[in-house]
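# Report on the structure
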Amino acid sequence: MVTSNNSLEDKLFKKLKVKKEPNTVFILSAPRTGSTYLYQLIAKTFQLPYISNATNEIYPLNPIIGLIIQSKVNVSIPLSNKFGKTKGIFQPSEGSYVLLNWFGGGHPSQTVSKKILKGKNKHFRATLAASEIIFNGAPLIIKNPWNCFRISSIRKLLPKAKFIWLKRDIRKSAASDLESRYLTKKNPNKWNSATPSNIEKLKLLPPVHQVIENQFEFNRSIKANLKNIPSKNWITLWYEDILEDTNVELKKISSFLNRDYKFTTNANKIKKKIRNIRSEEQKEINKYVNIHSKRFKENLY
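Residues numbered from 1 in each chain as written. Predicted model: local features only at pLDDT ≥ 70, side-chain atom pairs only at ≥ 80, totals over all residues. Heavy atoms only, no water.

### Here's the deal with the nonpolar core
Phe 26, Leu 38, Ile 42, Phe 124 and Phe 163 are the most contacted members of the largest nonpolar core, which has 63 residues in total. Setting aside anything within four residues of it in sequence, one finds Leu 38 in contact with Ile 27, Ile 164, Leu 166, Leu 237, Ile 242 and Ile 253. In this structure, Ile 170, Val 211, Ile 277 and Val 289 belong to the second largest nonpolar core, which totals 13 residues. (Core = buried A, V, L, I, M, F, W, Y, C linked by side-chain atoms within 4.5 Å. Buried < 20%, exposed > 50% of the residue type's maximum accessible area, 1.4 Å probe, protein only. Contact = heavy atoms within 4.5 Å.)

Written out as structure tokens, the structure is:
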């Protein structure tokens, strides 16, 4: 099957005559900032292609095959997900298996999974460029927290790539991160996603402090790497602003991507309280952030 898929993929690349630089769009954010919602919203609003659950699970080594299948299917994207997971084979996926093939995995991911794997450059670029041909010039949009530590590598591979940095008040995102640990890992000390280079140091902290520092490390890395990229290639958004007035933020995205949009929505309905952590834990999160408010000030809304 792998051999036949590789052969089919080679034929597709030749037929599509891939030459142009891809204009892929990457959503960057620390875990639990509302990035999956933004991912769904942008894909739906601007009709951008994405790696679907089917492509990720069935064609991780040859995603162009899955993308071609996707191009033949009309999909309605509901603005709902559960801890970053979507339901439906053609719904947006984080593309973890696809990206694993290109960048590898392991922890701490900021250290061991920050660069494209040897020999994967050509396949990575060809797939993204071919996708734009298949979808009539629309760039692929990718959302995966591991990419927060790959910005420099991605930029070198894709000079025209665009980055959307989504932020959320660190007190809220940290509380949501802690909640997800309880619900998905059954253990507040277990990480859910990519890990910063200083994870072993962070593990020495109590969970309520771990999640805050984890959020900080993601945002610090994103900021440091985006500094080296022209401002026209990246934009910063706040989750709170999207909830407050979705259309205002969609206009910003429209201008940034140079794409018109037809769909509008009111995101206020998705506001919810964090209910699966103890009130003492939320108070400790707030207290810790307040004590270190100078260090966290750029992550407060």
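### Points about helix H14 (residues 279–291)
Helix length check: H14, at 13 residues, gives a terminal C-alpha distance of 18 Å against a target of 18 Å (1.5 Å per residue), a fit within 8%. Along its buried surface, H14 packs onto helix H9 (170–185), helix H11 (207–226) and helix H15 (293–296). (Helix = DSSP H or I, 4+ residues; strand = E, 2+ residues; numbered from the N terminus. Expected span 1.5 Å × (residues − 1).)

### Description of the packing of aromatic side chains
Here the structure, examined in full by the defined rule, presents nine aromatic pairs. Arranged with centres 4.8 Å apart and planes meeting at 45°, the rings of Phe 149 and Phe 218 form a pair that is tilted. Within this pair, whereas Phe 149 is found in the loop between strand E2 (141–143) and helix H8 (151–157), its partner Phe 218 is found in helix H11, the two being separated by 69 residues in sequence. An identical accessibility class is assigned to Phe 149 and Phe 218; each is buried. Each residue in the set Trp 102, Phe 103 and Phe 124 is aromatic and connected to the rest through ring pairs, giving one cluster. Taking NZ or CZ as reference, Lys 162 lies 4.9 Å from the ring centre of Phe 256, over its face. Positioned above the aromatic ring of Phe 216, the side-chain terminus of Arg 295 is 4.9 Å from the ring centre. (Phe/Tyr/Trp six-rings, centres within 6.5 Å; stacked < 30°, edge-to-face > 60°. Lys NZ or Arg CZ within 6 Å of the ring centre and 35° of its normal.)

### Observations regarding helix H13 (residues 246–257)
A rise of 1.5 Å per residue sets the reference length of H13, with its 12 residues, at 16 Å; its end C-alpha atoms lie 16 Å apart and thus fit the reference within 8%. All buried positions along H13 are accounted for by Thr 246, Glu 249, Leu 250, Ile 253, Ser 254, Phe 256 and Leu 257. Buried residues of H13, viewed axially, fall in a sector of 165°; they line one side. Projecting away from the buried face of H13 at angles above 90 degrees are the exposed residues Lys 251 and Ser 255. Packed against the buried residues of H13 are strand E1 (25–28), helix H2 (35–46), strand E3 (162–167), strand E4 (234–238) and helix H12 (239–244). Asn 258 sits one or two positions beyond H13 and adopts a positive phi of about 55°. (Arc of directions from axis to C-beta.)

### Topic: the environment of Arg 150
Its location among the elements puts Arg 150 in the loop between E2 and H8. Separated by 83 residues in sequence, Arg 150 and Asn 233 place their C-alpha atoms 16 Å apart. Setting aside residues no more than four positions away along its own chain, Arg 150 makes contact with Leu 99, Phe 103, Gly 104, Ser 113 and Lys 114. Of note is the side chain of Arg 150, whose polar atom sits 2.7 Å from the side chain of Ser 113. (Polar contact = N/O pair within 3.5 Å; in protein donor to acceptor, adjacent residues only side chain to side chain.)

### Some thoughts on the side chain of Thr 246
If you trace the backbone, Thr 246 turns up in helix H13. Overall, Thr 246 belongs to the buried group, its relative accessible area being 4%. Engagement of the side chain of Thr 246 in a polar contact is seen with the backbone oxygen of Ile 242, the distance being 2.9 Å.

### Examining the pairing of E1
Of the two faces of E1, the one carrying Val 25 and Ile 27 and the one carrying Phe 26 and Leu 28 are both buried. Relative to E2, E1 is paired through three bridges, and the arrangement is parallel. Bridge pairing in E2 places Phe 26 opposite Ile 142. Across four bridges, the pairing between E1 and E3 is parallel. Paired with Phe 26 across the bridge in E3 is Phe 163. (Pairing = 2+ DSSP bridges.)

### Here's the deal with the layout of surface pockets
Estimates place the volume of the second largest pocket at around 410 Å³. Taken together, 19 residues make up the lining of the second largest pocket; nearest its centre are Gln 47, Leu 48, Tyr 50, Val 73 and Val 75. At the level of elements, H2 and helix H4 (63–71) are the ones that each hand at least two residues to the lining of the second largest pocket. Looking at the lining of the second largest pocket, its residues break down into 10 nonpolar, six polar and three charged. (1 Å grid on protein atoms, 1.4 Å probe; cavity = no way out; pocket = protein on both sides within 12 Å on 5 of 7 lines; lining within 4 Å. Points joined across faces, edges and corners; volume = space filled by probe spheres on them. Nonpolar A, V, L, I, M, F, W, Y, C, P; charged D, E, K, R; others polar.)

### Overview of empty space enclosed by the protein
Following the criterion strictly, the structure yields one cavity of 30 Å³ or more and no others. The space that makes up the largest cavity amounts to roughly 30 Å³. If you go around the largest cavity, the residues you meet are Pro 31, Asp 177, Arg 181, Trp 191, Asn 192, Ser 193, Ala 194 and Asn 214. Partitioned by chemical class, the residues of the lining of the largest cavity number three nonpolar, three polar and two charged.

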